[in-house]
Every structure is written in C-alpha cells, then in structure tokens.
Amino acid sequence: MGEGDKELLLACRRGDETAWETLVNRYQRLIFTIPRRAGLDEDQSAEVFQEVFTTLFEKLADIEQPERLQAWLVTTARRKTWRLISRERNYQGFDDVETEEGESRINEVPDDSPLPDEIMLRLEEQHRVRAGVEALDERCNKLLTMLFYNAEPPSYAEIAAATGTSEGSIGPTRARCLQKLLKQLEK
C-alpha cells in the first residue's frame, strides 16, 4: 500500500503530483461507488467524484487531521451525492400516486434496500479489502485478483498459465495469500 494517507496528503500539500495521483487512485473506486449506490447514473457519479477531488484540492491545507482522510472523503462524497439528489428532485418534482379515496400511496412503496449507513460500512469494508490486496506481494495480488475480482473466475489452468505455476499449487498458494491478507487487514 506504500504511504499512508497522512504522508500522501502532506506530499500533496508540497505539490507532489505523484502523491496526488496515488491518492486519487487509492480512493477513486470508493468515491465513485458512493453516488452509484445511492442511485445516481454514471455521469452524475462522475460529477460527484470530480467535485469531491476538486474540493479536496481546494482544501488541502485546511484538513486538520490528515490521518482521517478516508473519513473526510467519504463524508464529502455523501454530502455531494445527497446535494445532487436533492437538486435533481427539485427539478423533476414528484408524482404522488393517489388511491380512489384520495389517499397517498407513496408510503406503500416497499424499500428493501440497505440503509445508507449499512451501505457505507459495506463500501468502506470493500475498500479496506481492496487496499489490503494491493498491499500484498505481486504473486498474491495477482492470484487473489484473478480468483475474486472477476465476474467469471478463470479456470485453474488459466490461472496456472498466467502465474507461471502448476494447477496443483493454486489451492495452497491461495490459502497462504488469504492468510497474508487477513494479517494485512488486522493491522
């Protein structure tokens, strides 16, 4: 994983473009996912993403707790997402369906989606796991990415060819890599 958030933020304050790129790459998936999970389309999510990192750039010197950068980014993304949703609702209005008796049916619409806090906890956990996988050595990173980050995981033969190992070693290597990942996540 390399540098921590605090070190990256301090480097960004000094104008280090590589640190800025690392920071954006580290959090781009998490920040882009927040508006997507809230129901915004890809363009709207890209707008929120852009606004979050623009705000970060503008406020680099104002962030008092650089070690809490992830929380700052998540909070900023949530606020900008809800601001955009509110703005969109104001433009679109809302058609409330009424029954024959004149009663509103808006409260009858079932909503089984997770609550925003549950979604955020899940997103933050996914981010922690991705960051943990990125911090692993190249072999484990490649193996776990192939096994768990593809919609259709490749066959063991394909994995063996891509990693230069035998098919029989994939299972034990996977177990060792998952142990390393667990230790990384416990840090």
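Everything in this summary refers to the structure shown in the same document.

So, how was this worked out
- Each chain carries its own residue numbering, running from 1 in the direction its sequence is written.
- Reporting in this predicted model follows two pLDDT cut-offs: at least 70 for local features of residues, and 80 or more for side-chain atom pairs to be given and counted; totals over whole chains, interfaces and linings ignore these cut-offs and use all residues.
- Just so you know, side-chain values use all the structure's heavy atoms and leave hydrogens and water out.
- Secondary structure follows DSSP: runs of H or I at least 4 residues long count as helices, runs of E at least 2 residues long count as strands, and numbering of each begins at the N terminus.
- Three exposure classes are used, based on accessible area relative to the maximum for each residue type with a 1.4 Å probe and protein chains only: buried under 20%, partly exposed in between, and exposed over 50%.
- Computed with a 1.4 Å probe, the accessible areas rest on the Shrake-Rupley method; for each residue, only the protein chains presented here act as cover.
- Stacked, tilted and edge-to-face pairs are distinguished by plane angle, under 30 degrees for stacked and over 60 for edge-to-face with tilted covering the rest, among Phe, Tyr and Trp rings (Trp via its six-membered ring) whose centres lie within 6.5 Å.
- One side-chain nitrogen of Lys or Arg within 4 Å of one carboxyl oxygen of Asp or Glu is enough to make a salt bridge.
- The criterion is simple. A nonpolar core is a set of buried Ala, Val, Leu, Ile, Met, Phe, Trp, Tyr and Cys residues joined through side-chain atoms within 4.5 Å.
- Two residues qualify as a contact provided that any one of their heavy atoms is within 4.5 Å of a heavy atom in the partner residue.
- Disulfide: a pair of cysteine sulfur atoms within 2.5 Å of each other.
- Axis definition: a line fitted to C-alpha atoms, limited for helices to the stretch in contact. Angles are taken between N-to-C directions and run from 0 to 180 degrees.
- Working rule for angles: under 35 degrees goes down as roughly parallel, over 145 as roughly antiparallel, 65 to 115 as roughly perpendicular, anything else as oblique.
- Put simply, a crossing is left-handed when the front helix is turned counterclockwise from the back one by less than a right angle, and right-handed when it is turned clockwise.
- In this count, Pro and Cys sit with the nonpolar residues alongside Ala, Val, Leu, Ile, Met, Phe, Trp and Tyr, while Asp, Glu, Lys and Arg are called charged and the others, Gly among them, polar.

**Focus: the overall build of the protein**
Looking only at helices and strands, the protein has eight helices and zero strands in total. Ordered by position from the N terminus, the helices and strands of the protein form the series α-α-α-α-α-α-α-α. The 187 residues of the protein split such that 32% are buried. As displayed, the protein offers around 12,500 Å² of accessible surface, 48% of which is attributable to carbon and sulfur atoms.

**What to know about the packing of aromatic side chains**
For any pair of aromatic rings, the description rests on two quantities: the centre-to-centre distance and the angle between the ring planes. Within this structure, the stated rule accounts for three aromatic pairs. Ring geometry for Trp20 against Phe53: centres 6.2 Å apart, planes inclined by 90 degrees, an arrangement best described as edge-to-face. Of this pair, Trp20 sits in helix H2 (residues 17-37) while Phe53 sits in helix H3 (residues 42-58), placing them 33 residues apart in sequence. On the numbers, 5.7 Å between centres and 75 degrees between planes, the contact of Trp20 with Phe57 is edge-to-face. Of this pair, Trp20 sits in helix H2 while Phe57 sits in helix H3, and the two are 37 residues apart along the sequence. Take Trp20: its relative accessible area is 23%, and that puts it in the partly exposed class. Three or more aromatic residues link up through ring pairs in this structure, and these residues are Trp20, Phe49, Phe53 and Phe57.

**Considering the pattern of salt bridges**
This structure, assessed with the given rule, holds three salt bridges. One salt bridge connects Arg26 with Asp5, and the closest N-O pair in it is separated by 2.9 Å. Separated by 21 residues along the polypeptide, Arg26 in helix H2 and Asp5 in helix H1 (residues 5-13) bring together distant segments of the chain. For the pair Arg26 and Asp5, a shared accessibility class is recorded, and that class is buried. Here Glu125 makes a salt bridge to Arg128, at a shortest N to O gap of 3.2 Å. Here the residue Glu125 and the residue Arg128 both occupy positions in helix H5 (residues 116-135), the gap between them amounting to three residues, near one helical turn. Looking at Arg128, the relative accessible area reads 35%, which means it is partly exposed.

**Thoughts on the nonpolar core**
Counting 27 residues, the largest nonpolar core has Ile31, Phe53, Leu56 and Leu73 as the members making the most contacts within it. Residue assignment for this core shows that the elements contributing at least two residues are H1, H2, H3, helix H4 (69-92) and H5. Residue contributions to this core peak at seven residues, all from H2. With sequence-adjacent residues up to four places away left out, Ile31 is seen in contact with Phe49, Val52, Phe53, Leu73, Val74 and Ala77.

**A few points about the state of the cysteines**
All told, the structure shown has one disulfide when counted by the stated rule. Between the sulfur of Cys140 and that of Cys177 lies a disulfide, 2.1 Å long from S to S. In this structure, the disulfide formed by Cys140 and Cys177 twists by about -75 degrees around the S-S bond and is classed as left-handed. Here the residue Cys140 occupies a position in helix H6 (residues 138-148), and Cys177 occupies one in helix H8 (residues 167-186), the gap between them amounting to 37 residues. Relative accessible area serves as the criterion here: at 3%, Cys140 is assigned to the buried category. Overall, the relative accessible area of 0% leaves Cys177 in the buried class.

**Observations concerning the packing of H6 against helix H7 (residues 156-163)**
The interhelical angle for the contact between H6 and H7, taken along N-to-C directions, is 155 degrees, at an axis separation of 11 Å. The orientation of H6 with respect to H7, classified from their angle, is roughly antiparallel. Along this stretch, H6 crosses H7, giving a crossing that reads as right-handed. Within the contact between the two elements, H6 uses Lys142, Leu143, Met146 and Leu147 and H7 uses Tyr156, Glu158, Ile159, Ala162 and Thr163. When the residues that make up the contact of H6 with H7 are grouped by side-chain class, the tally is six nonpolar, one polar and two charged.

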